[in-house]
Amino acid sequence: MEVIENSRFGKFHYRLLAVLGTIWAFIAINTLSVAFIIPLLKKEPAFQGSLTKLGAMGSAALWGMLLGAWFFGILADYIGRKKSLSLAVATFGIASVVSSFVQSLDQLIVLRFIVGLGLGGSLPVASSYFAEFMPKKIRGAMISILESFWAIGTIIIGIVALIVKADWRGILLFGGAIILALPFLATLPESPRFLLLNGKIREAEEIIRRIFGVSVKLEMPKKEHRKITIAELWSKHAKTTFMLTVAWFSIAFAYYGFFIWLPKFLASTLNITVFKSFQYFIITALAQLPGYWSAAYFIEKVGRKKTLSGYLFVSGLAGLLFYKFASSGNAPMILLSAVLFSFFNLGAWGAIYAYTPELYPTSVRGTGTGWAGAMARIGGGLAPIVAGRVMEISTVGMAVLIIAIISIIGALDIAVLGKETKGKALE
């Protein structure tokens, strides 16, 4: 839609960013809360377990996110972006509240899986919804800015963990506060692109008039009336889908493998208390904001592909640096490598969320971003289990080495198979 592509960033866009940014921050809060919960569960007999089982608890939400990304991503192409996002947010918000009352580790694993369903659905739908309102000249940068709210959520959950100290139930309860944002989400309009594609021309015209203050006459694009399937992604968009599968798996494996266990990594390599590791966690989280902001700048200057592959590659190098110094007790170098990993990995996240919706046409954008999100959840779901098992049989450094190698593989995949979308209108 030309009126959206060429619009100026205005009052409506700020409101959209505020609401979706809040949701994005709480997705981070609910996802990373497990990193603070794992060390605290050891103090309660009913919740104790091996590192592998605790890693499984850390992965439970990620496996839920796998199914949630598929389900809510496809649902967004049928009932709309706004409705699908509202259902996903309600799912993880309510489940987070309920999970704060569980009485066993097994119950917590089940509830974390349900939380993950909503988290996994919220991410791809929110990014597609946001992208479909953005002017093309700043779309990539603004999606990266939206993604930067993840860092804000990361910092917030670190502060909350310090405040509540040993009260892991309070951490989970705080994550459920996102349900208070649902009335604000209800005030936002449906995507005009979705409405137009589904024959609701008058509604799309009215939304554009209300948001941008201009009257337009829209024509329904020609399209085949068919079911949208995953098979289409592999028949008509095979190269793109394969590239995104590897890229999202790699970036998520690296992120969740590192950050779910970061308090443990820091406590072990620096020989400090868990509570002290929470403080260092916040320091690494602070590096995420400039990581996002720098990526937002570069994706509009040098392009999505180069920024994404470059940031992911350097984050892998930071992981190699952590591995090199993990057994030395060299606190400055260990913290520096963790900060660099945080900066570049999260910058890569900002770039990949800007990049992915631009690679698919509107008719399959929700399904395509949902598939990509699902691949991330497979990588993210495996990572805490693999890292936990590696630490049981080897060392913290070896776990980080595996994370670094997979990050580098993802960077090479994007560099070889990716295509540039900078400055191009959405199909």
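These numbers were taken from a predicted model, which means no experiment stands behind them.

Calculation criteria
- Residues numbered from 1 in each chain as written.
- Predicted model: local features only at pLDDT ≥ 70, side-chain atom pairs only at ≥ 80, totals over all residues.
- Heavy atoms only, no water.
- Helix = DSSP H or I, 4+ residues; strand = E, 2+ residues; numbered from the N terminus.
- Rg over C-alpha atoms; globule rule 2.2 N^0.38 Å.
- Buried < 20%, exposed > 50% of the residue type's maximum accessible area, 1.4 Å probe, protein only.
- Contact = heavy atoms within 4.5 Å.
- Areas by Shrake-Rupley, 256 points an atom, 1.4 Å probe, with all protein chains shown as cover.
- Lys, Arg positive; Asp, Glu negative; His and termini not counted.
- Charge placed at Lys NZ, Arg CZ, Asp CG, Glu CD.
- Axes fitted to C-alpha atoms, helices over the stretch in contact; angles between N-to-C directions.
- Left-handed = near helix turned anticlockwise from the far one by under 90°.
- Nonpolar A, V, L, I, M, F, W, Y, C, P; charged D, E, K, R; others polar.
- Domains from an automatic or database assignment.
- Salt bridge = Lys/Arg side-chain N within 4 Å of Asp/Glu carboxyl O.
- Polar contact = N/O pair within 3.5 Å; in protein donor to acceptor, adjacent residues only side chain to side chain.
- Patch = residues over 30% accessible without salt bridge, like charges linked within 9 Å, V, L, I, M, F, W, Y side chains within 5 Å.
- Expected span 1.5 Å × (residues − 1).
- Arc of directions from axis to C-beta.

Caption draft 1: Broad picture of the overall build of the protein. What the protein contains, in helices and strands, is 19 helices and 0 strands. Computed over C-alpha atoms, the radius of gyration of the protein comes to 21 Å, within 12% of the 22 Å expected from 2.2 N^0.38 for 427 residues, which places it in the range of a compact globule. Projecting the C-alpha coordinates of the protein onto the three principal axes gives extents of approximately 65 × 45 × 40 Å. Taking all 427 residues of the protein together, 61% fall into the buried category. Taking as baseline every contact in the protein between residues at least 6 positions apart, the subset at least 24 positions apart corresponds to 84%. Accessible surface, the protein as shown: approximately 15800 Å² in total, 67% of it carbon and sulfur. Here the protein contributes 40 positive and 21 negative side-chain charges, whose respective centroids are spaced 4 Å apart.

Caption draft 2: Representation of the packing of helix H5 (residues 105-131) against helix H18 (residues 362-393). Taken N-terminus to C-terminus, the directions of H5 and H18 make an angle of 145°; their axes are 8 Å apart at the nearest point. With respect to the hand of their crossing, H5 and H18 are arranged in right-handed fashion. Facing H5, whose interface residues are Leu-123, Pro-124 and Ser-128, H18 presents Arg-365, Gly-366, Thr-369, Gly-370 and Arg-377. Of the residues belonging to the contact of H5 with H18, the class tally is 2 nonpolar, 4 polar and 2 charged.

Caption draft 3: The arrangement of the domain arrangement of the protein in detail. Partitioning the protein into domains gives domain 1 (1-188) and domain 2 (226-426). Put simply, the middle of domain 1 and the middle of domain 2, counted by C-alpha atoms, are 17 Å apart. Contacts between domain 1 and domain 2 engage 54 residues on the former and 60 residues on the latter. The tally of links between domain 1 and domain 2 comes to 0 salt bridges. Counting every contact that joins domain 1 to domain 2 gives 3 residue pairs in polar contact (both at pLDDT 80 or more). Of all the elements in the fold, those that place two or more residues in the side of domain 1 that touches domain 2 are helix H2 (11-41), helix H3 (51-79), H5 and helix H6 (139-164). Residue contributions to the side of domain 1 that touches domain 2 peak at 17 residues, all from H6. A breakdown of the residues in the side of domain 1 that touches domain 2 according to their chemical character gives 31 nonpolar, 14 polar and 9 charged.

Caption draft 4: Structural context of a nonpolar patch on the surface. Residues Phe-313, Leu-317, Leu-320, Ile-405, Ile-409 and Leu-412 make up a contiguous nonpolar surface patch of about 490 Å² in total accessible area. At the level of secondary structure, the elements contributing two or more residues to the nonpolar patch comprise helix H16 (304-325) and helix H19 (396-417).

Caption draft 5: Looking closely at the side chain of Thr-31. One can find Thr-31 in helix H2. Not counting chain neighbours up to four residues away, the residues in contact with Thr-31 comprise Met-65, Arg-112, Leu-119, Trp-150, Tyr-256 and Ile-260.

Caption draft 6: A look at the environment of Ile-171. Positionally, Ile-171 belongs in helix H7 (residues 168-175). Taking C-alpha positions, Ile-171 is 6.7 Å from Ser-33, a pair spaced 138 residues apart along the chain. In this view, Ile-171 contacts Ser-33, Phe-36, Leu-40, Ile-157, Ala-161 and Val-164; residues no more than four positions away in its chain are not counted.

Caption draft 7: Focus on helix H10 (residues 201-212). Relative to the 16 Å expected for 12 residues at 1.5 Å per residue, H10 spans 16 Å between its end C-alpha atoms, a close match to the ideal helical length. The complete set of buried residues in H10 reads Ile-201, Ala-204, Glu-205, Ile-207, Ile-208 and Phe-212. Projected down its long axis, H10 shows its buried positions confined to an angular sector of 160°, all on one face. Across from the buried face of H10, at angles greater than 90 degrees, the exposed residues are Arg-202 and Arg-210. Remark: Gly-213 follows H10 within two positions and exhibits a positive phi of approximately 75°.

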